[in-house]
Amino acid sequence: MSIFSKFKNRDRKHRKSYGGSRAGAFFLFLVLILLGVFMIFPIYLSVIQSIKPPQELFEFPPKLYAVNPTDQNYTDMMKLVGSQWVPFSRYAFNSVVIAVSVTVLQLVFASSAAYALAKVKFPGVKFFNKLITLALLFTSQVLFIMQYLVMASLNLIDTLAAVILPAISTAMGLFLMIQFMGQIHDAMIEAAKLDGASHIRICWQIVMPNVKPAWLTLMIFAFQGAWQINGYAFIYSEQLKPIPAVLQQIATEVIKRAGVAAATVVIMMVPPIVLFLIAQSNIIETMAQSGIKD
Amino acid sequence: MLSKEKTKYIEDSRFKYTLREIKKNASVYLLIAPFFLLFIVFLVVPILISLPIGFTNFDMVQFPKWVGMDNFYTLFLQDEVFLIAIKNTMIFAFITGPVGYMMCFLLAWAINEMPKFLKTLFTFVFYAPTLAGNIYTTWQLIFSGDTYGILNSWLIQLGIINGPIQWLTDANYILTSVIIVQIWMSLGAGFLAIRAGLQGIDRSYYEAGAIDGIKNRTQELLYITVPSMGPQLLFAAVMTITGSFTAGDIGRFLTAFPSTDYAAHTIMTHAYDYGYIRFEMGYASAICFILFIVMLFANSLIRRILGRYLND
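None of these values were measured; they are calculated from a predicted model. (Residues numbered from 1 in each chain as written. Chains lettered and ligands numbered in written order. Predicted model: local features only at pLDDT ≥ 70, side-chain atom pairs only at ≥ 80, totals over all residues. Heavy atoms only, no water.)

**Here's the deal with the overall build of chain A**
Inference 1: Per the secondary structure count, chain A includes 13 helices and 0 strands.
Inference 2: Moving toward the C terminus, one meets the helices and strands of chain A in the order α-α-α-α-α-α-α-α-α-α-α-α-α.
Inference 3: Considering only intrachain contacts with a sequence separation of at least 6, the fraction spanning at least 24 residues in chain A is 72%.
Inference 4: As displayed, chain A has an accessible area near 13200 Å², and 66% of this comes from carbon and sulfur atoms. (Helix = DSSP H or I, 4+ residues; strand = E, 2+ residues; numbered from the N terminus. Contact = heavy atoms within 4.5 Å. Areas by Shrake-Rupley, 256 points an atom, 1.4 Å probe, with all protein chains shown as cover.)

Here it is in structure tokens:
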């Protein structure tokens, strides 16, 4: 069954296209479009909610567009944020510091560790691999108390480090990188070793360029996760709080203002979306290089 | 003939051999040190401290009191709500798990041959529910039980129903509504990993396949694409397992908590109830411990199924 053989794609130049019915391709495209609408509809809806004036928020039948679009919810939101005694730029600064340092450090640390665990045989490699799998499957509602105890004993409570450090080493990030690096042919690494390259050089100059889709994907996960950190349990000083904390404060403070709440949700999703689009188009670009793993 | 070095290894005791290997690989430990230092301090240590809590009574005020297996006896023999939670978690996992997993793979594959722009667009659209953070709260507008609810207003206008349906509070509809939202969010990390994996498959495999007599796209999928995607398929499977067994947040937010007749009550919401509302931390840990065992089991099952595609 050929789905998109009708698209002439330069990436597919080496590939044989197998014949298939046009009706089938069209049908599948239709299914994808419908699914896409289902996926995007709630997001579209919250954008619309955020530009509706209050009187349009509750009418029957509910409209899927704003009759008189307004930026009132956004200006209200900014006014509320501005009424906090800490300026908005301070919250934004904290958020950027958290998100950028978590993303960069996670990429560097997880990639290095993943190379060692996936490609080097050394005493303890099985133990560390097992540890990651177990940690991946462990979720607990009491974990945060224990984490609090650890932070307190390290004197980290009420510092940005308290939210940055634990977010860097995620089992999921390492597991992702291990899975991708495991696919790299050993021959390539052996060749580099014979040329006298150290493990660090092999990891960063040979393996990393070959798993570009993997670390770009990890970058999306890391940023997306770090951007949402609100630091409730570990940060009390207003001047150290990130944007999600203050947005949640104003969205609940003001008696259930549906419009303002929608505006905060929309504002929060912009940075991850921008990063996602940049990363994804780079991932798709890598397809053009053929013979990636030999 | 054995080289001098190898004979020496054999003569050495196991311990000495290990020590020598550690010395030889010293630089490797430097590579894993930064990650595992943070990992052990902020995750492994808290997990290890929290494990025994399940065997205690712990209210966060007094020091935990050892009660042995009591929490577990209570869970299975007296706590009827827990049994409902297990039932719901299983229904949840067995529907959202396989459906979500198939969607991750099939959709990632279906858009793989598209031109760049369409591919980026569809990847974005499918991943958007996960990317956009707390956006699932918008489903409240859709499933709202009054006539302002989008779904109700559509169904009323189409004449399918006469009055509004309480999608999120009528026990007959709750589980279905929550499952729909869960599936809507299922194209997450696993989907992106599979997308990235598809980008990395060596094009020459397909050429070779065509020469070796692969006749159509389905054969190509089964004999080339799936076998070269083992690691990504495993990653997606593990993500799906953790996602579907720990489901609960969405239901807890959308339906009133606790939901009518506990219709959306899962193991995770049960643990939330005891951990965050009643502060019975010992009991909550016992619940999470059982969940952990269940997930370990599901994980080893998946590894067995995908085993032949994995490189280790």
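Moving on from the model shown.
**Details of the domain arrangement of chain A**
Inference 1: In terms of domain boundaries, chain A breaks down into domain 1 (10–70) and domain 2 (81–288).
Inference 2: Its C-alpha centre places domain 1 of chain A at a distance of 30 Å from the equivalent point of domain 2 of chain A. (Domains from an automatic or database assignment.)

**Section: the interface of chain B and chain A**
Inference 1: At the junction of the two partners, chain B supplies 114 residues and chain A supplies 108 residues.
Inference 2: Summed over both sides, the interface of chain B with chain A buries roughly 10200 Å², with 75% coming from carbon and sulfur.
Inference 3: Summed over the three residues of chain B that lose the most area to chain A, namely Leu 31, Phe 35 and Phe 42 of chain B, the buried surface amounts to 8% of that side.
Inference 4: The tally of links from chain B across to chain A stands at 0 salt bridges.
Inference 5: When residues of the side of chain B that touches chain A are assigned to their parent elements, the largest contribution, 19 residues, is made by helix α3 (residues 26–50) of chain B.
Inference 6: Grouping the constituent residues of the side of chain B that touches chain A by class yields 75 nonpolar, 27 polar and 12 charged. (Buried area = accessible area lost by both parts, 1.4 Å probe. Salt bridge = Lys/Arg side-chain N within 4 Å of Asp/Glu carboxyl O. Nonpolar A, V, L, I, M, F, W, Y, C, P; charged D, E, K, R; others polar.)

**Focus on the packing of helix α13 (residues 230–245) of chain B against helix α16 (residues 281–306) of chain B**
Residues and elements named next belong to chain B.
Inference 1: Following both chains from N to C, one finds α13 and α16 inclined at 155°, their axes separated by 10 Å at the closest point. In terms of their interaxial angle, α13 and α16 are classed as roughly antiparallel. Of the two possible hands of crossing, α13 and α16 adopt the one that is right-handed. When α13 is examined against α16, the residues Leu 233, Leu 234, Ala 237, Val 238, Ile 241, Thr 242 and Phe 245 are found in contact with a partner set consisting of Leu 291, Val 294, Met 295, Ala 298, Asn 299, Ile 302, Arg 303 and Leu 306.
Inference 2: Residues belonging to the contact of α13 with α16 are distributed by class as follows: 12 nonpolar, 2 polar and 1 charged. (Axes fitted to C-alpha atoms, helices over the stretch in contact; angles between N-to-C directions. Parallel < 35°, antiparallel > 145°, perpendicular 65-115°, else oblique. Left-handed = near helix turned anticlockwise from the far one by under 90°.)

**Comments concerning the packing of helix α4 (residues 88–119) of chain A against helix α7 (residues 161–168) of chain A**
Residues and elements named next belong to chain A.
Inference 1: Where α4 contacts α7, the two axes come as close as 9 Å, and the packing angle between them is 30°. Accordingly, the angle class assigned to the pair α4 and α7 is roughly parallel. Every pair of crossing elements has a handedness; the one defined by α4 and α7 is right-handed. Together, Val 97, Ile 98, Ser 101, Val 102, Leu 105, Gln 106 and Phe 109 of α4 and Val 163, Ile 164, Ala 167 and Ile 168 of α7 make up the contact between the two elements.
Inference 2: Of the residues belonging to the contact of α4 with α7, the class tally is 9 nonpolar, 2 polar and no charged.

**Here we look at unusual backbone geometry**
Residue and element names in this part refer to chain B.
Inference 1: One non-glycine residue, Tyr 262, lies in positive phi territory at about 55°.
Inference 2: Counting through the fold element by element, Tyr 262 comes out in the loop between α14 (249–254) and α15 (267–277).
Inference 3: For Tyr 262, a relative accessible area of 27% translates into the label partly exposed. (Buried < 20%, exposed > 50% of the residue type's maximum accessible area, 1.4 Å probe, protein only.)

**Points about the environment of Ala 128 of chain B**
Inference 1: Here Ala 128 of chain B is to be found in helix α6 (residues 116–131).
Inference 2: The exposure class of Ala 128 of chain B is buried, given its relative accessible area of 3%.
Inference 3: The spatial distance from the C-alpha of Ala 128 of chain B to the C-alpha of Met 185 of chain B is 8.6 Å, given a sequence separation of 57 residues.
Inference 4: Those residues within four positions of Ala 128 of chain B in sequence are excluded, and the remaining contacts are Ile 40 and Ile 43 of chain A.

**A closer look at the confidence of the model for chain A**
Inference 1: For chain A, per-residue confidence averages 83 on the pLDDT scale, and 88% of positions sit at 70 or higher.
Inference 2: The low-confidence segment residues 288–294 of chain A (pLDDT under 50) makes 15 contacts with residues lying over four places distant or belonging to another chain. (pLDDT = per-residue confidence, 0-100.)

**Things to note about the domain arrangement of chain B**
All names here are of chain B.
Inference 1: Here chain B is described as being made up of domain 1 (1–57) and domain 2 (68–309).
Inference 2: Of the roughly 570 Å² buried at the junction of domain 1 and domain 2 (both faces included), carbon and sulfur atoms supply 63%.
Inference 3: Linking domain 1 to domain 2 there are 0 salt bridges.
Inference 4: Inspection of the domain 1/domain 2 interface yields 3 residue pairs in polar contact (both at pLDDT 80 or more).
Inference 5: For the side of domain 1 that touches domain 2, a count of residues per class yields 3 nonpolar, 4 polar and no charged. (Polar contact = N/O pair within 3.5 Å; in protein donor to acceptor, adjacent residues only side chain to side chain.)

**Topic: the side chain of Thr 89 of chain B**
Residues and elements named next belong to chain B.
Inference 1: Locating Thr 89 in the fold gives a position in helix α5 (residues 80–110).
Inference 2: With relative accessibility at 1%, the residue Thr 89 sits in the buried group.
Inference 3: Beyond its immediate sequence surroundings of up to four residues, Thr 89 is in contact with Phe 245, Thr 266 and Ile 267.

**Topic: the nonpolar core**
Inference 1: In terms of nonpolar packing, the biggest core is built from 192 residues, with Phe 36, Phe 39, Phe 126 and Phe 191 of chain B touching the most fellow members.
Inference 2: Other than its neighbours up to four places away in sequence, Phe 126 of chain B contacts Leu 32, Leu 35, Gly 36 and Met 39 of chain A together with Leu 107, Ile 111, Leu 187 and Phe 191 of chain B. (Core = buried A, V, L, I, M, F, W, Y, C linked by side-chain atoms within 4.5 Å.)

**Quick look at the pattern of salt bridges**
All names here are of chain A.
Inference 1: By the definition in use, this model includes 6 salt bridges over all chains.
Inference 2: A salt bridge links Lys 193 to Glu 190, with the nearest nitrogen and oxygen atoms 3.8 Å apart. One end of the pair, Lys 193, and the other, Glu 190, are both in helix α9 (residues 186–194), 3 residues apart, so they sit about a helical turn from each other.
Inference 3: Note that Glu 238 is salt-bridged to Lys 241, the shortest N-O span being 3.2 Å.
Inference 4: Given a relative accessible area of 15%, Glu 238 falls into the buried group.

**Observations regarding the packing of aromatic side chains**
Each aromatic ring pair is described using two quantities: the centre-to-centre distance and the angle formed by the ring planes.
Inference 1: Summed over all chains, the structure comprises 30 aromatic pairs over all chains.
Inference 2: Between Phe 223 of chain A and Trp 227 of chain A the ring centres are 5.7 Å apart and the planes differ by 15°, which places this aromatic pair in the stacked class. Here the residue Phe 223 of chain A and the residue Trp 227 of chain A both occupy positions in helix α11 (residues 212–227), the gap between them amounting to 4 residues, near one helical turn.
Inference 3: Connected via pairs of aromatic rings, a cluster forms that spans Phe 38 of chain A together with Trp 139, Phe 143, Trp 167, Tyr 173 and Trp 184 of chain B.
Inference 4: Here the basic side chain of Arg 252 of chain B rests over the ring of Tyr 272 of chain B, its NZ or CZ set 3.6 Å away from the ring centre.
Inference 5: Sitting over the ring of Tyr 274 of chain B, Arg 278 of chain B keeps its end group 4.3 Å from the ring centre. (Phe/Tyr/Trp six-rings, centres within 6.5 Å; stacked < 30°, edge-to-face > 60°. Lys NZ or Arg CZ within 6 Å of the ring centre and 35° of its normal.)

**Some details on the environment of Leu 310 of chain B**
Inference 1: Tracing the backbone shows Leu 310 of chain B in the segment after α16.
Inference 2: Apart from residues lying up to four places away in sequence, Leu 310 of chain B is in contact with Gly 230, Pro 231, Leu 234 and Arg 303 of chain B.

**A closer look at α13 of chain B**
Inference 1: Here α13 of chain B contains 16 residues, and its C-alpha end-to-end distance of 22 Å stays within 8% of the 22 Å for a straight helix at 1.5 Å per residue.
Inference 2: The element α13 of chain B is largely enclosed, with a buried count of 15 among its 16 residues. (Expected span 1.5 Å × (residues − 1).)

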